Each structure stands twice: as structure tokens, then as C-alpha cells.
Amino acid sequence: MGQKVNPLCFRLGVRRDWQSRWYATKKLYPSLIREDFIVRRFLFDELRSASVAKVFIERAAGKIRIKIHTSRPGAVLGRKGQELEQLCAKVRKLIGADVVIDVQEVRRPELAARLVAENVASQLERRFPFRKALKKALQITMGAGALGVKLQCSGRLGGAEIARTESQRAGSVPLHTLRANIDYALVVAHTVYGEIGIKCWVCRKPDAVAVGL
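Reading the values: rules and limits
As a convention, each chain's residues are numbered from 1 in the sequence order in which they are written. At least 70 in pLDDT is required for a residue's local features to be given in this predicted model, at least 80 for side-chain atom pairs to be given and counted, and no such filter applies to totals for whole chains, interfaces and linings, which use all residues. Think of the side-chain values as coming from all heavy atoms in the structure, minus any hydrogens and water. Secondary structure elements are defined from DSSP: runs of H or I of at least 4 residues count as helices, runs of E of at least 2 residues count as strands, and each element is numbered from the N terminus. Exposure categories follow from relative accessible area, calculated using a 1.4 Å probe and restricted to protein chains: below 20% of the type maximum is buried, above 50% is exposed, and the middle band is partly exposed. The contact rule is simple, with two residues in contact once any of their heavy atoms fall within 4.5 Å. In short, Shrake-Rupley with a 1.4 Å probe defines the accessible areas, and a residue's cover is counted only from the protein chains shown. Positive charge is attributed to Lys and Arg, negative charge to Asp and Glu, and no charge count is given to His or to the chain ends. By convention, the charge on Lys lies at NZ, on Arg at CZ, on Asp at CG and on Glu at CD. The convention used is that axes are lines fitted to C-alpha atoms, helices contributing only their stretch in contact, and that angles between N-to-C directions extend from 0 to 180 degrees. In this scheme the crossing of two helices becomes right-handed for a clockwise turn of the near helix relative to the far one and left-handed for an anticlockwise turn of less than a right angle. Three categories are distinguished: nonpolar for Ala, Val, Leu, Ile, Met, Phe, Trp, Tyr, Cys and Pro, charged for Asp, Glu, Lys and Arg, and polar for the others, with Gly belonging to the last. Nonpolar cores were defined as sets of buried Ala, Val, Leu, Ile, Met, Phe, Trp, Tyr and Cys residues, with membership established by side-chain atoms within 4.5 Å. Pairing of aromatic side chains here covers Phe, Tyr and the six-membered ring of Trp, requires ring centres within 6.5 Å, and sorts the geometry by plane angle: under 30 degrees stacked, over 60 edge-to-face, intermediate tilted. For two strands to be treated as a pair, DSSP must find at least two bridges joining them.

Explain the overall build of the protein here, please?
Secondary structure summary: the protein contains six helices and eight strands in total. Moving toward the C terminus, one meets the helices and strands of the protein in the order α-β-α-β-β-α-α-β-α-α-β-β-β-β. When the 213 residues of the protein are sorted by exposure, 42% land in the buried category. Intrachain contacts of the protein at a sequence separation of at least 6 include 63% that bridge at least 24 residues. In the structure as shown, the protein presents an accessible area of about 12100 Å², 53% of it carried by carbon and sulfur atoms. With 39 positive and 19 negative side-chain charges, the protein shows a separation of 5 Å between the mean positions of the two kinds.

Please explain unusual backbone geometry as it appears in this structure.
Among all residues save glycine, negative phi is the norm, and among peptide bonds the norm is trans. Positive phi is not limited to glycine here, since serine 51 has a value of about 55°. Tracing the backbone through its elements, the reader meets serine 51 in the loop between helix H2 (29–46) and strand E2 (52–60). Non-glycine residue arginine 127 carries a positive phi angle of around 65°. Position of arginine 127 among the secondary structure elements: in the loop between helix H5 (113–125) and helix H6 (130–143). Take arginine 127: its relative accessible area is 61%, and that puts it in the exposed class.

Got a minute to help me understand the packing of H2 against helix H4 (residues 82–95) in this structure?
Relative placement of two packed helices is described by the angle separating their axes and the distance separating the axes. Relative orientation of the contacting elements H2 and H4 amounts to 145°, with a least axis distance of 11 Å. You can see that H2 and H4 cross each other, and the crossing is right-handed. Taking contact as the criterion, the partners of Glu35, Ile38, Val39, Phe42, Leu43 and Glu46 in H2 are, on H4, Leu87, Lys90, Val91, Leu94 and Ile95. In terms of residue class, the contact of H2 with H4 is built from eight nonpolar, no polar and three charged.

Just to check I follow, could you spell out the nonpolar core for this structure?
When a protein is soluble and globular, its nonpolar side chains tend to lie buried together. Formed by 25 residues in total, the largest nonpolar core has its most connected members in Val120, Leu124, Leu151, Cys153, Ile196, Ile198 and Cys200. Secondary structure elements with two or more residues in this core: H5, H6, strand E5 (148–155), strand E7 (181–191) and strand E8 (194–204). The dominant element in this core, judged by the number of residues it contributes, is H5, at six residues. For cysteine 200, the residues in contact, after removing those within four places along its chain, are Ala113, Val116, Ala117, Val149, Lys150, Leu151, Asp183, Tyr184 and Ala185. In this structure, Leu43, Phe44, Leu47 and Ile57 belong to the second largest nonpolar core, which totals 19 residues.

Looking at this structure, how should I read the packing of aromatic side chains?
By convention here, two paired aromatic rings are described through the distance between centres and the angle between planes. Tallied over the full model, the rule gives two aromatic pairs. Measuring from centroid to centroid gives 5.6 Å for tryptophan 22 and tyrosine 29, while their planes differ by 55°, and the two rings are tilted. Judged by its relative accessible area of 17%, tryptophan 22 is buried. Looking at tyrosine 29, the relative accessible area reads 44%, which means it is partly exposed. When the centroid spacing of 5.3 Å and the interplanar angle of 45° are considered together, the rings of tyrosine 184 and tryptophan 201 count as tilted.

Is there a simple way to explain the environment of lysine 136 in this structure?
Positionally, lysine 136 belongs in helix H6. Taking relative accessible area as the criterion, lysine 136 reaches 47% and is therefore assigned partly exposed. The spatial distance from the C-alpha of lysine 136 to the C-alpha of aspartate 183 is 19 Å, given a sequence separation of 47 residues.

It is not clear to me how the sheet that holds E8 should be interpreted in this structure. Could you clarify?
Note on sheets: strands pair through backbone hydrogen bonds, and any given pair is parallel or antiparallel. Strands sit in the order E6-E5-E8-E7 across an open sheet of four strands; the sheet is antiparallel. Either end of the sheet is taken by a strand with one partner, and the two such strands are strand E6 (164–171) and E7. Going across the sheet, the axis of each strand differs from the next one's by a mean of 10°, ignoring polarity. Strand direction decides the pairing type here: E5 and E6, joined by eight bridges, are antiparallel. Bridged to leucine 151 within E6 is glutamine 168. Sitting on the sheet, H6 touches E5, E6 and E8, and the angle it makes with E6 is about 25°.

Geometric descriptors of this kind do not, in isolation, establish any biological role.
As C-alpha cells, this is what we get:
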């Protein structure tokens with residue numbers, strides 16, 4: 001089961017918390033789920049250079065509070081908070097609701113699965129050899145104190161005619177163990193040969209905070 005299910009969903013209520021925290025009736029539920037998806041996709045695209053690890057969304061009393069966890073809070077805030085104000089205005093225009101955005105710093109970006117995968121994706125887009133990019137990412141993550149890490153690339157690797165999947169791993173990544181502190185992310189690299197999907201699993205120490213790192 002642990003090999004087939006998204007590791008974050010598999011651990012909800014045991015090791016992980018929901019990234020969307022709100023309650024809605026059966027009638028409103030689908031539209032709010034779609035709205036959360038649109039907001040997250042917009043923020044990840046808009047803040048691509050700001051190293052965003054996670055986006056939490058809370059709804060209460062007609063207001064939406066968005067918590068952005070990034071390793072570069074200065075890139076999100078801007079000078080005197082101007083960039084953050086502009087970002088709030090864009091999100092309000094996108095969904096037509098009152099929005100408050102909080103920014104929190106990720107102190108250990110080497111242990112955030114999304115940031116590790118984005119690092120590999122950026123190297124592939126700059127035509128770095130995929131094996132060298134994977135090996136370097138493994139070394140950096142393990143050197144930061146991870147118990148284990150697994151990276152997987154799928155697509156036309158190196159411009160090959162036939163797509164394939166390559167993976168590398170180091171340490172222990174027990175996907176079947178619910179108590180294991182595993183972070184997971186999927187990032188897409190847009191290359192001249194097509195899209196390459198990068199999956200990353202990072203097993204952190206049990207006492208590591210889920211988002212603060």
C-alpha cells in the first residue's frame with residue numbers, strides 16, 4: 001500500500017496535517033477544492049524563483065488565510081512588503097475573496113522534498129546530465145541530516161527517443177511505515193525534448209517539524 005498511495009495522504013491524521021483546513025457543505029465542497037487548486041498553482045508559478053515548499057490554506061468567516069512556507073521570504077515580501085501586497089491583490093482578483101497571506105521561513109530547504117525536486121528540475125532545464133543532477137541532490141540532502149532520500153525521473157532523459165524512468169536512492173525510505181517522517185513532492189521540468197517528471201521522497205528524523213524544518 002505504501003508504494004501505491006501518495007505518502008502525504010497515506011499519513012494524514014498520523015504524521016501529517018491537511019494542507020487545506022476548512023469545512024464546507026456537500027454543495028460547496030467541489031468548488032472550494034477547485035479554488036484551492038487554482039490558488040496553489042498560481043502561487044507556485046508566480047513565486048517560482050522564491051523556493052516555495054508548501055502552501056497552506058485556511059477558511060473562516062468568509063476570509064481566506066494563506067500560509068506560504070519558503071526558504072527565501074525576502075523574495076516574497078519584497079521591499080517594505082510591496083511584493084506581498086501586490087501578490088495579495090492578484091489572488092483577490094483571481095478568486096474574488098478577501099485574502100490574507102502570511103510568509104514563514106523554511107530553515108532547512110535541503111530537507112524539503114519540493115525544493116529538492118525543483119533544484120533537480122532547474123538543472124535538467126539547463127541541460128545538465130540527469131544522473132549527475134540526481135547524485136548531487138542525494139549528496140546534499142543526506143549531508144543535511146536526512147535519514148534517506150529517493151529521486152525518480154521519468155521522460156525523454158538526455159533527449160532519448162523513447163521515454164524511460166531512472167531512479168537513485170540513498171539511506172532508508174520506509175514508505176510502508178506510517179510513523180516515518182516522509183516528505184514527498186512531484187515537480188515537472190520543461191525541457192526542449194518535452195516534460196520530465198521528478199518525484200522526490202525525503203525521510204527526515206522523527207523529531208523534525210513537518211514544515212519548519
